[in-house]
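Coordinate inspection notes
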Amino acid sequence: MKRIKIKHVLSSDGKELIGQRITVKGWVRAFRSNRFIQINDGSCLANIQAVIDFEKYDGDIIKQITTAAAVSVSGLLIASIGSEQSLELQVEEIEILGAAHPDDVQKTILQPKKHSLELLREQAHLRFRTNTFSAVFRIRHAVAYAIHHYFHSNGFFYLHTPIITGSDAEGAGEMFRVSTLDPKSPPLNEAGEVDYKQDFFGKPVNLTVSGQLEAELAALALGQVYTFGPTFRAENSNTSRHLAEFWMIEPEVAFNDLTDNMDLTEDFLKYLCSFVVENCKEDLSFLNLREQQEQSQKPLNERNELSLVERLTFVIENPFKRLTYSEAIEVLLNSNHHKKKKFQYPIAWGIDLQSEHERYLVEKEFKCPVILSNYPAEIKAFYMRQNDDNKTVAAMDVLFPGIGEIVGGSQREERYDVLLEKCKAFKIPEEELWWYLQTRKLGTVPHAGFGLGFERMIMFVTGMTNIRDVIPFPRTPLNASF
Ligand code: 4AD
Ligand code: MG
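A brief look at the structure comes next. What you are looking at is a predicted structure, and each value in this text was computed from that prediction instead of being measured. (Residues numbered from 1 in each chain as written. Chains lettered and ligands numbered in written order. Predicted model: local features only at pLDDT ≥ 70, side-chain atom pairs only at ≥ 80, totals over all residues. Heavy atoms only, no water.)

A closer look at the overall build of the protein chain
Our working rule: Each helix corresponds to a stretch of at least 4 residues labelled H or I by DSSP, and each strand to a stretch of at least 2 residues labelled E; elements are numbered beginning at the N terminus. Between buried and exposed lies partly exposed: a residue is buried under 20% and exposed over 50% of the maximum accessible area for its type, with that area taken using a 1.4 Å probe on protein chains only. Contacts are assigned to residue pairs with any non-hydrogen atoms lying within 4.5 Å of each other. The Shrake-Rupley method, run with a 1.4 Å probe sphere, supplies the accessible areas, and residue values consider only the shown protein chains as cover. Charge assignment: positive for Lys and Arg, negative for Asp and Glu; neither His nor the chain ends contribute. The atom standing in for a charge is NZ when the residue is Lys, CZ when it is Arg, CG when it is Asp and CD when it is Glu.
Tallying secondary structure elements over the protein chain gives 15 helices and 16 strands in all. Counting only C-alpha atoms, the protein chain reaches 85 × 60 × 45 Å along its principal axes. Out of the 482 residues in the protein chain, the part that is buried amounts to 49%. Sequence-distant contacts in the protein chain: of pairs separated by 6 or more residues, those separated by 24 or more amount to 67%. Total accessible area on the protein chain is roughly 23,900 Å²; 52% of this is exposed by carbon and sulfur atoms. Distance between charge centres in the protein chain, computed from 54 positive and 65 negative side chains, equals 4 Å.

Structure representation (structure tokens):
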């Protein structure tokens, strides 16, 4: 018989299956009283309950119905008299597709008890089978889908930018080299340096830190494009918000200025939050409850003021606070927090804001998402448009509660001469970016874009507090398991 997914059986459409023989396949989550089998197939959070009359079956089969075993079950679907579920399956046929010996299960996180997120990370190959991670990864999928849906419906084109590149778009020099040279004895040039002319691409290349520069080229023809791909940064930051391999969404729009860019970001982030609220109800309420349970273990002053669902609703319903970097510095300098010397890092115009400063603005001062704009030129990338004050650039960062920076973007420098000067000041050789510079001489226009860190967004919509728990297999310093 054809397998039916548990999500369908348990949905309102599944009601018409009552009284019919159906087959479900999945993994046993629990087997109670030698009678009630909880089966999950990943299509949704809920399990289906199959009821087996063990006296009718061979003892060997019953013994193999253990937590984590894969089974195929056929039987009659009936309305349940139990209070915990509305439907149940009366087992007529059961096949063990893949046994899971209790001794083996005992060694893993599949044994049914509460495990720490750290332990689950060590067994990332199995954590998909837990309620928390299945919920997180179904939501991750939903957000990816929503991103494509948003841009497609707004007339953007999805652009695939290269993963291997010769340029350092962000100028931060945190790149992973890609090479086929023998690391033990690479060929050397006359100066005694590694001779990359003999490497695969005939020059040094690396994994991309951003698809932006290429996206700009396409935006200057297709009008509006976006990228959505993996991004690599060899920054040695072992924090709960950094990955060495993460996914980034980078829209780029011709004719947009900084204000248009902020409007687009805000509309986009609100759309993603409402998509999750509307389409991921079961997983979201599970994660909401999970967070509430975790919070109840914490001291009162460390608890979130709003629940996960309330935070999403708040973002959807309230305008983001917009202010300039200079205004933010004033706010910080005038804060009681600063006067009482509670900030660890100094505050002065020109500093790169630390995460304690960003979080103060979002969580204490404004209590809503914040868009900061017009940062000092020195602390931002070379491609950002110089403002008339000659001190600041048309940059913007979006700061979210509990996350800090979730989006970074800017209006781009479209003026050839100014851009060339910027390249010189940032010591970027003209030969490296001749193609980028040339677009500024061939019908250049104002344009703007931004980058959303996909995993940081997933943290926000799931309430997970460590970025390692929202990507299937995290890559961080000294860790590339699985
Ligand atoms: O602010 P960033 O570095 O901006 C850019 O890369 C621009 N090229 C974007 C653009 O204008 N097209 O990175 C953008 C976002 C950050 O705000 C953050 O959410 C995320 O990417 N991000 C990271 N996420 C996880 N791990 C890391 N190491 C990250 N670095 C940046
Ligand atoms: Mg940034």
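From this point, the narrative continues.
Let's talk about the pattern of salt bridges
Selection criterion: What makes a salt bridge here is a side-chain nitrogen of Lys or Arg within 4 Å of a carboxyl oxygen of Asp or Glu, nothing more.
Within the structure shown, the criterion is met by 22 salt bridges. We note a salt bridge from Arg-440 to Glu-216, for which the minimum N-O separation is 2.7 Å. Of this pair, Arg-440 sits in the loop between α14 (434-438) and β16 (447-453) while Glu-216 sits in helix α6 (residues 212-222), and the two are 224 residues apart along the sequence. For Arg-440, a relative accessible area of 4% corresponds to the buried category. Across the pair Arg-322 and Asp-263 runs a salt bridge whose closest N-O atoms are separated by 2.9 Å. In this pair, Arg-322 is assigned in strand β12 (residues 321-324) and Asp-263 in helix α7 (residues 258-279), connecting sequence segments 59 residues apart. Looking at Asp-263, the relative accessible area reads 39%, which means it is partly exposed. Each of Glu-216, Glu-252, Arg-412 and Arg-440 takes part in salt bridges that share partners, so that together they form one network.

A word on the site of ligand 1
Filter applied, for reference: The cutoff for a nearby residue is simple: one of its non-hydrogen atoms must lie within 4 Å of the molecule or strand. Counted as a polar contact is a pair of N or O atoms within 3.5 Å, where, for protein atoms, one must be capable of donating a hydrogen and the other of accepting one, and residues adjacent in sequence contribute only when both atoms are in side chains. Polar here means any residue outside two lists: the nonpolar Ala, Val, Leu, Ile, Met, Phe, Trp, Tyr, Cys and Pro, and the charged Asp, Glu, Lys and Arg; Gly therefore counts as polar.
Among the 24 residues in the neighbourhood of ligand 1, the closest are listed as Glu-170, Gln-212, Glu-235, Glu-250 and Glu-405. Here an oxygen atom of ligand 1 sits 3.0 Å away from a polar atom, N or O, in the side chain of Arg-412. Between Gly-453 and ligand 1, the recorded distance is 3.3 Å, taken from a backbone N or O atom to an oxygen atom. The fraction of the free accessible surface of ligand 1 (630 Å²) that becomes covered by protein chains is 93%. Every element with two or more residues in the shell around ligand 1 is listed here: β11 (245-254), β15 (404-411) and β16. Of the residues forming the shell around ligand 1, the biggest block, five residues, is contributed by β15. Tallied by class, residues from the shell around ligand 1 come to eight nonpolar, eight polar and eight charged.

Digging into unusual backbone geometry
Positive phi outside glycine occurs at Phe-255, with the angle close to 75 degrees. On the secondary structure map, Phe-255 appears in the loop between β11 and α7. Of the residues examined, Phe-255 reaches a relative accessible area of 62% and is grouped as exposed. Positive phi outside glycine occurs at Lys-367, with the angle close to 50 degrees. Structurally, the position occupied by Lys-367 is in the loop between α12 (355-366) and β13 (370-376).

What to know about α7
Note the following rule: A helix is expected to span 1.5 Å for every residue after the first.
Under the 1.5 Å per step criterion, the end-to-end length of α7 is 31 Å for 22 residues, consistent within 8% with the ideal 32 Å. You can read the cap of α7 off the contacts: a side-chain oxygen lies 3.1 Å from the backbone nitrogen of Thr-259, and it is on Asp-257.

Let's talk about the pairing of strand β4 (residues 70-79)
To keep it simple, the criterion reads: Strand pairing requires that DSSP identify at least two bridges connecting the strands.
Where burial is concerned, most of β4 is hidden: seven out of the ten residues are buried. Across seven bridges, the pairing between strand β1 (residues 21-32) and β4 is antiparallel. Along β4, the bridge assignment pairs Trp-27 with Ala-70. The sheet contact formed by β4 and strand β5 (residues 87-98) spans ten bridges and is antiparallel. In the sheet register, Gly-75 faces β5, and the bridge partner there is Val-91.

A few points about the environment of Asp-195
As for its placement among the helices and strands, Asp-195 is situated in the loop between β8 (177-178) and β9 (205-207). On the basis of relative accessibility, which here comes to 13%, the residue Asp-195 falls in the buried class. When the C-alpha positions of Asp-195 and Gln-49 are compared, they lie 65 Å apart, and in sequence the two are 146 residues distant. Beyond its immediate chain neighbours, meaning those up to four positions away, Asp-195 contacts Leu-181, Pro-187, Leu-188 and Asn-189.

Topic: the packing of aromatic side chains
Heads up, the condition is: What counts as a ring pair is set by centres within 6.5 Å for rings of Phe, Tyr and Trp (its six-membered ring), and what kind of pair is set by the plane angle: stacked under 30 degrees, edge-to-face over 60, tilted for all other angles.
The full count for this structure, using the stated rule, is 25 aromatic pairs. Judged by centre distance (5.8 Å) and plane angle (85 degrees), the rings of Tyr-325 and Trp-349 are edge-to-face. One end of the pair, Tyr-325, is in helix α10 (residues 325-333); the other, Trp-349, is in the loop between α11 (336-339) and α12, and 24 residues separate them in sequence. Given a relative accessible area of 0%, Tyr-325 falls into the buried group.

Topic: the sheet that holds β15
Here is the rule: Only the contacting stretch of a helix is used when fitting its axis, a line to C-alpha atoms as for every element, and angles between N-to-C directions run 0 to 180 degrees.
Spatially, eight strands are ordered β6-β10-β11-β16-β15-β14-β13-β12 in an open sheet, and the strand pairing comes out mixed. The outermost strands of the open sheet, each flanked by one partner alone, are β6 (157-158) and β12. Lying on the sheet, α12 is in contact with β12, β13, β14 (392-400) and β15; it crosses β13 at an angle near 140 degrees.

Looking at the side chain of Gln-411
With respect to the helices and strands, Gln-411 occurs in strand β15. Owing to a relative accessible area of 9%, Gln-411 belongs among the buried residues under this scheme. Ignoring sequence-local partners within four residues, the contact set of Gln-411 consists of Asn-256, Asp-257, Leu-258, Tyr-383, Met-384, Arg-385, Ala-394, Pro-446, His-447 and Ala-448.

Worth remembering: the numbers are spatial, not functional.
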